[in-house]
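What follows is each chain in one-letter form.
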Amino acid sequence: MRRVGPLLGMAVLLAGSFATGGAGRPGAPGDPPLSERPSPSAAEPVWPEAAGVEHVPAPVVPSDGAAPARLAFTLVSPDRMLADLSALTAIGQDALFRTSGTSGEREAFDLVASRLSGFSHLAALGATVERVPFRVPLASEVHEASLSLRVGGSWVDVPAHALQGHRDDLSRALRFDSDGRAGDDRPDPVTAEGSPYFVQLPSSLYALPAGSMQGRVLFADYALLDRGVVSAAEATQAAAALLLTRPAALVLVTRYSNVRGEAHGSFVGDVSSLVSLLDPPPAPTLYARLEDLGPAGITDWAGLERVTSARVTWDQDVNVAAPSQLLAFRIPGADPSRAVLLGAHLDSPNSPGGLDDGSGSVALLETARVLDESRERPPVETVLVFFGSHERGLYGSSAFAAARSDLLDRAVAMLQLDCLTHPLDGLGGSLVLEARSHRALGDPRLPFPEALAALSARQGVGLAVWEAAGIVSDNSSFDGFDVPATDTIFASESMTEVHVEGHLHDPYDDVPLVALHRDDLADFARVALTFVLDLPREAGDLRPTPAPDRRAVFVASHTEPAHMTPAQQTVLGMALAHEGFDVDVVPYGVPVTDEELAGATLAVVLPVVDFADPTAAPQTYDEAWTDAEADALVRFAGRGGLLVVANSGSWLRYGSTPVGANEDALDANAVASRFGASFEDRRLSGSAATATGTHALLSGVSSLVLASGNGLAIRPGSGQVLARAGSDAALVLVPWGPSGGEVLVLSDLAVLGGQGATAPNLRFLQNLASWARTRPAP
Ligand SMILES: [Zn+2]
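Quick caveat: nothing in here was measured; it's all calculated off a predicted structure.

Peer 1: Would you explain the overall build of the chain in this entry?
Peer 2: Looking only at helices and strands, the chain has 19 helices and 29 strands in total. Here the chain, with 778 residues, has 65% of them falling under the buried criterion. Expressed as a percentage of contacts within the chain between residues at least 6 apart in sequence, the contacts between residues at least 24 apart total 84%. A total of about 24300 Å² of accessible surface is found on the chain, and carbon and sulfur atoms cover 53% of it.

Dropping the structure here:
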């Protein structure tokens, strides 16, 4: 049954909805040194040449009948999966677990690579492991986080964990850096020791005078700021009240509960309300699970009163433009002209990540193991992708989707496994496929999840199909490339917030909870095997769009945030697909050339922008267009192509949300000025641009929604101004050359954004796609 799912949008990634806000990154005058840059070109894979996408009419999938007895499906072993999971969740226990950009995340990738290297039959088939580096704007590394309690005259060490700071905003993130300086990984531990004070009730907390905890270690029941049980405003107020007492150190104590309405540590390690504060001054802060205090003889809150002294030692460093990665395991199939993509995310949100997304990650490993043991050759090229930095905001899958146009063109579908949950008592739950349809463009069908559900039913695995309104998981990064994509999650229609009600992003997301779901874990792997073995054999074309007969190229050669490509400009990608465009990307780090633009009738030049380190010397790294690249773009317009040159005063999250200043914005002039237009060093005011004139691009559009303060004013040269913000040109069309070329200069890339059920400028995106198709052909 298809239904619009409950509020699971943003299901398992918690895309900063709690942690955003604030002024964004301070100005970023410098860039990281070249030696720290990833080199995507060096990591280019050797995917087989695309052999064209086969477009067969509607999928025909038998929905009943007995499953054939198949060796592969009988080989699935939840015991092996749980053993893998134990190894995975043990990583980073004394640091930030497998959090994006940390040593724990790197160790997890090493573990997966090591497991995959042991599959000799797959190796004989030609399977390869490729690890692709990319960077994330911020990460931190914990060198030490320890808690000692003095009980009955002796000191006892108990497990405790550090908190990850803000995901995007450096000034906030640095409150969780033990020396307050980014990018320095010298040991600089802070030790705080003092007599303890315990606060459990709001009335006790608010009775504490400011400054009253100086020299003491304040233990707080995390329920005071757990947004599973208190409002965001109450949580923020409690966090500020704790810090106002100026403790020498703060220890947040969590307790397990599976009862609705009771706290169980939701978000304590990652996006707690402490993370968003800019004041009062921070204190060294750790969290501890009450259940881990047994070595000190403490089993309940009252037992804490036996502690006579406490000592916190903490050493943590924030890194800007930190390295992360993804791993693609490619198994050649019988038909190399088609591919299936099976994904999971390996990083965790500073939690053991047993369910989220250890469960999906070990299901991928089990899929590979079963294929190896059964010696069954996959029908099509099979790519298992372990994404990093999902919890920072889908960075791994965005980077992958933006860099693998050739593979995406051949993809039958993409299936994400993210993730099993352990629902609170009474909620129930079952496996669900959650996917975004093209409803915004008038087509609500979901042929891929419907086909997969029908095939899985034959294997005895029931899958409901839910339509998602917005981002779900890493599958969502593929929607803008017209790759049928869906996520598999264990969920219940009764859930309203899957993290809180499913034990995701809390410190109890560990192996014991997953072990309660052995059968579901095995079903996860069976769904994956159905996807890999049966779907490509039995389903036809699962795309709801016409077979492409045109090509659009997004040029991201100097655009590091993959969020500024169709990976997160989803509705634009969908609109182009509806007009018959195949959407490709020239990825970050790959120069644009005539060859890259061959066969395209639309090219979108994305802004020059990187995750620059404001603390690094400005001359060390400078992204910029080369003359040869600008020449290739001029030749493209000269051949009659439609060239869009877009700019952005900030780097954008999810295609439309400004985050940090883009110090490279004026570098766009190296391209724009070749067409007589240029960007001024001045931001557009206002949050809308008014359409002027009657050009078809603005048919039915009275104004364009801008990201406030993000667009740059345009000097139009000889171009026609199509929209203005105040007195500034915001959209300019320049005719170019004798072959009918045109250059559309756009002050704010966010105008092209929109990845939910709709986009603020939907009609304009449709007009652009339609104009690109119907304007006089070159
Ligand atoms: Zn997840």
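Peer 1: Please explain the environment of Thr-690 as it appears in this structure.
Peer 2: The residue Thr-690 is located in strand β24 (residues 688-691) in this model. Under the relative-accessibility criterion, Thr-690 is labelled partly exposed at 47%. Note: C-alpha distance between Thr-690 and Ala-725 (35 residues apart in sequence) is 6.2 Å.

Peer 1: What's the story with the coordination of the zinc ion in this structure? I'm lost.
Peer 2: Note on the zinc ion: its protein donors are His-345 (NE2), Asp-356 (OD), Asp-418 (OD) and Asp-418 (OD). The metal-donor distances range over 1.8 to 2.6 Å. Coordination at the zinc ion comes from four donor atoms whose angles at the metal span 53 to 156°, giving a geometry best classed as irregular. Every donor residue of the zinc ion comes from the same chain, spaced as H-x10-D-x61-D. Of this pair, His-345 sits in strand β11 (residues 335-345) while Asp-356 sits in helix α8 (residues 354-374); the two residues are 11 residues apart in sequence, bridging distant segments of the chain. With a relative accessible area of 0%, Asp-356 lands in the buried category.

Peer 1: Can you walk me through the nonpolar core in this structure?
Peer 2: A general trend in soluble globular proteins is that nonpolar side chains are found buried together. Ranked by internal contacts, the top residues of the largest apolar core, which has 87 residues, are Phe-478 and Phe-764. Looking at which element gives the most residues to this core, the answer is helix α19 (residues 762-774), with seven residues. By size, the runner-up hydrophobic cluster in this structure holds 80 residues, among which are Leu-82, Leu-371, Phe-524 and Leu-533.

Peer 1: What is the right way to look at α8 in this model?
Peer 2: Residue pairs spaced three or four apart in an α-helix point in one direction, given the helix's 3.6 residues per turn. Burial analysis of α8 places 20 of its 21 residues in the buried class, the great majority of the element. Positive backbone phi, approximately 60°, marks Arg-375, located one or two places after α8.

Peer 1: What exactly am I supposed to notice about the environment of Ala-233 here?
Peer 2: Considering the arrangement of structural elements, one finds Ala-233 in helix α7 (residues 232-244). Relative accessible area serves as the criterion here: at 58%, Ala-233 is assigned to the exposed category. Sequence-wise, Ala-233 and Ser-273 are 40 residues apart; in three dimensions their C-alpha atoms are separated by 8.9 Å.

Peer 1: Would you mind going over the sheet that holds strand β6 (residues 196-199) with me for this structure?
Peer 2: Sheet strands pair via backbone hydrogen bonds, and the direction of the pair is either parallel or antiparallel. The strand order across the open sheet built from five strands is β4-β9-β8-β7-β6, with neighbouring strands paired in mixed fashion. Single-partner strands in this sheet number two, and they are β4 (161-162) and β6. Summarising the sheet, strand β7 (residues 217-221) and strand β8 (residues 249-254) pair through five bridges and their orientation is parallel. Bridge assignment links Leu-218 to a residue of β8, and that residue is Leu-250. In the packing of α7 onto the sheet, contacts are made with β6, β7 and β8, and the angle to β8 comes to roughly 140°.

Peer 1: Just checking my understanding: could you explain unusual backbone geometry for this structure?
Peer 2: Peptide bonds are trans in most cases, and residues, glycine excluded, mostly fall at negative phi. Following Asp-356, the chain continues to Asp-357 via a peptide bond in cis, the omega torsion being -5°. Note that Asp-357 resides in helix α8. With an omega of 10°, the peptide bond running from Asp-418 to Cys-419 counts as cis. Note that Cys-419 resides in the loop between β13 (411-417) and β14 (430-436). One non-glycine residue, Phe-267, lies in positive phi territory at about 70°. According to the relative accessible area criterion, Phe-267 is buried, its value standing at 1%. For Ala-321, which is not glycine, the phi dihedral falls at a positive 50°. Counting through the fold element by element, Ala-321 comes out in strand β10 (residues 307-331).

Peer 1: Would you mind showing me how to read the pattern of salt bridges here?
Peer 2: Applying the stated criterion to the full structure yields 39 salt bridges. In this structure, Asp-270 and Arg-167 form a salt bridge, with 2.6 Å as the shortest nitrogen-oxygen distance. Of this pair, Asp-270 sits in the loop between β8 and β9 (285-289) while Arg-167 sits in the loop between β4 and α5 (170-173), and the two are 103 residues apart along the sequence. For Asp-270, a relative accessible area of 2% gives the class buried. Between Arg-526 and Asp-523 there is a salt bridge, with the nearest N and O atoms lying 2.9 Å from each other. One end of the pair, Arg-526, and the other, Asp-523, are both in helix α14 (residues 518-538), three residues apart, so they sit about a helical turn from each other. A relative accessible area of 23% means that Arg-526 is categorised as partly exposed. A cluster of three or more residues bridged by salt bridges with shared partners is formed by Arg-80, Asp-84, Arg-115, Glu-366, Arg-369 and Glu-373.

Peer 1: Would you explain the packing of aromatic side chains in this entry?
Peer 2: The relation between two aromatic rings is expressed through the spacing of the ring centres and the mutual angle of the planes. According to the stated counting rule, one finds nine aromatic pairs in the structure shown. Here the aromatic rings of Phe-198 and Phe-219 are separated by 5.2 Å at their centres, their planes lie at 40°, and the arrangement is tilted. Placement of Phe-198 in strand β6 and of Phe-219 in strand β7 is noted, with a sequence separation of 21 residues between them. Neither Phe-198 nor Phe-219 differs from the other in exposure class; each is buried. Site record: aromatic cluster; members linked through ring pairs are Phe-387, Phe-400 and Phe-478. Over the face of the ring belonging to Trp-155 we find Arg-311, whose NZ or CZ atom lies 4.4 Å from the ring centre.

What counts and what doesn't
- Going along each chain's sequence as written, the residues are numbered from 1 onward.
- Predicted model: local features are reported for residues with pLDDT of at least 70 only, side-chain atom pairs are reported and counted for 80 or more only, and whole-chain, interface and lining totals are derived from all residues.
- Side-chain descriptors were evaluated using all non-hydrogen atoms of the structure, hydrogens and water having been removed beforehand.
- Put simply, DSSP H or I for four residues or longer makes a helix, DSSP E for two residues or longer makes a strand, and each gets a number counted from the N terminus.
- Exposure categories follow from relative accessible area, calculated using a 1.4 Å probe and restricted to protein chains: below 20% of the type maximum is buried, above 50% is exposed, and the middle band is partly exposed.
- Working rule for contacts: check all heavy atoms of both residues, and any pair within 4.5 Å makes them a contact.
- Each accessible area is a Shrake-Rupley result for a 1.4 Å probe, and residues are judged covered by the shown protein chains and nothing else.
- Donor atoms (N, O, S) are those found within 2.8 Å of the metal centre, with the cutoff raised to 3.2 Å for Na, K and Ca; water is not part of the atom list, so apparent gaps in a site can occur.
- Only four donors with every angle between 85 and 135 degrees are called tetrahedral; only four or six donors with opposite donors over 155 degrees apart and all others between 65 and 115 are called square planar or octahedral, in that order; all others are irregular.
- What makes a nonpolar core is a set of buried Ala, Val, Leu, Ile, Met, Phe, Trp, Tyr and Cys residues whose side-chain atoms join them at distances within 4.5 Å.
- A pair of strands counts as paired when DSSP detects no fewer than two bridges linking them.
- Whenever a helix is involved, its axis is fitted only over the stretch in contact; in every case the axis is a line through C-alpha atoms, and angles between N-to-C directions fall within 0 to 180 degrees.
- When a carboxyl oxygen of Asp or Glu lies within 4 Å of a side-chain nitrogen of Lys or Arg, that pair is called a salt bridge.
- Whether two aromatic rings pair depends on their centres lying within 6.5 Å, for rings of Phe, Tyr and Trp, where Trp uses its six-membered ring; planes under 30 degrees apart make the pair stacked, over 60 edge-to-face, and the rest tilted.
- Geometrically, a lysine NZ or arginine CZ counts as sitting over a ring once it is within 6 Å of the ring centre and also within 35 degrees of the ring normal.

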